[in-house]
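Descriptive structure summary
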Amino acid sequence: MTRSELEQSLLKTMENMLRVKKEMDQACDPKEVNRLRRKLKELQYLQRWQMEKLKRLID
């Protein structure tokens, strides 16, 4: 994965995180909120991985 591809992927992950947060704010069903929390957690792990990978490419 090139640096530019990784940067694009990171931006998309951040956009997805914002979308999930908005969905959580609008969700009424506790099961749906829990599902969205798990999705957000997955995206956070993905973001950390992408940041580490990007850091290694820059160094």
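The structure we're discussing is the one just above.
Residues numbered from 1 in each chain as written. Predicted model: local features only at pLDDT ≥ 70, side-chain atom pairs only at ≥ 80, totals over all residues. Heavy atoms only, no water.

**A closer look at helix H1 (residues 3–26)**
Heads up, the rule is: Under the DSSP-based scheme used, a helix requires at least four consecutive residues in state H or I and a strand at least two consecutive residues in state E, with every element numbered from the N terminus. A helix is expected to span 1.5 Å multiplied by its residue count minus one. Using a 1.4 Å probe on the protein chains alone, a residue whose accessible area is under 20% of its type maximum counts as buried, one over 50% counts as exposed, and one in between counts as partly exposed. By definition, residues are in contact when any of their heavy atoms lie within 4.5 Å.
Taking 1.5 Å per residue as the helical rise, H1 with its 24 residues ought to reach 34 Å, and the 35 Å between its terminal C-alpha atoms agrees with that figure. Of all the positions in H1, only Leu6, Leu10, Thr13, Met17, Val20 and Met24 are classed as buried. Next to the buried residues of H1 lie helix H2 (30–58).

**Thoughts on the pattern of salt bridges**
Using the following cut-off: Any carboxyl oxygen of Asp or Glu within 4 Å of a side-chain nitrogen of Lys or Arg constitutes a salt bridge here.
Within this structure, the stated rule accounts for three salt bridges. Here Arg35 ties to Glu32 by a salt bridge, and the two come within 2.7 Å at their closest N and O atoms. Pair noted here: Arg35 and Glu32 are both in helix H2, with a separation of three residues, about one helical turn. Judged by relative accessible area, Arg35 falls into the partly exposed class, the value being 38%. A relative accessible area of 29% places Glu32 in the partly exposed class.

**Observations concerning H2**
Its 29 residues give H2 an end-to-end C-alpha distance of 42 Å, which sits within 8% of 42 Å, the value for a rise of 1.5 Å per residue. What H2 keeps buried is the set Val33, Leu36, Leu40, Leu43, Gln50 and Leu54. As for H2, its buried residues are in contact with H1.

Everything listed here is a matter of coordinates, which is why it stays silent on function.
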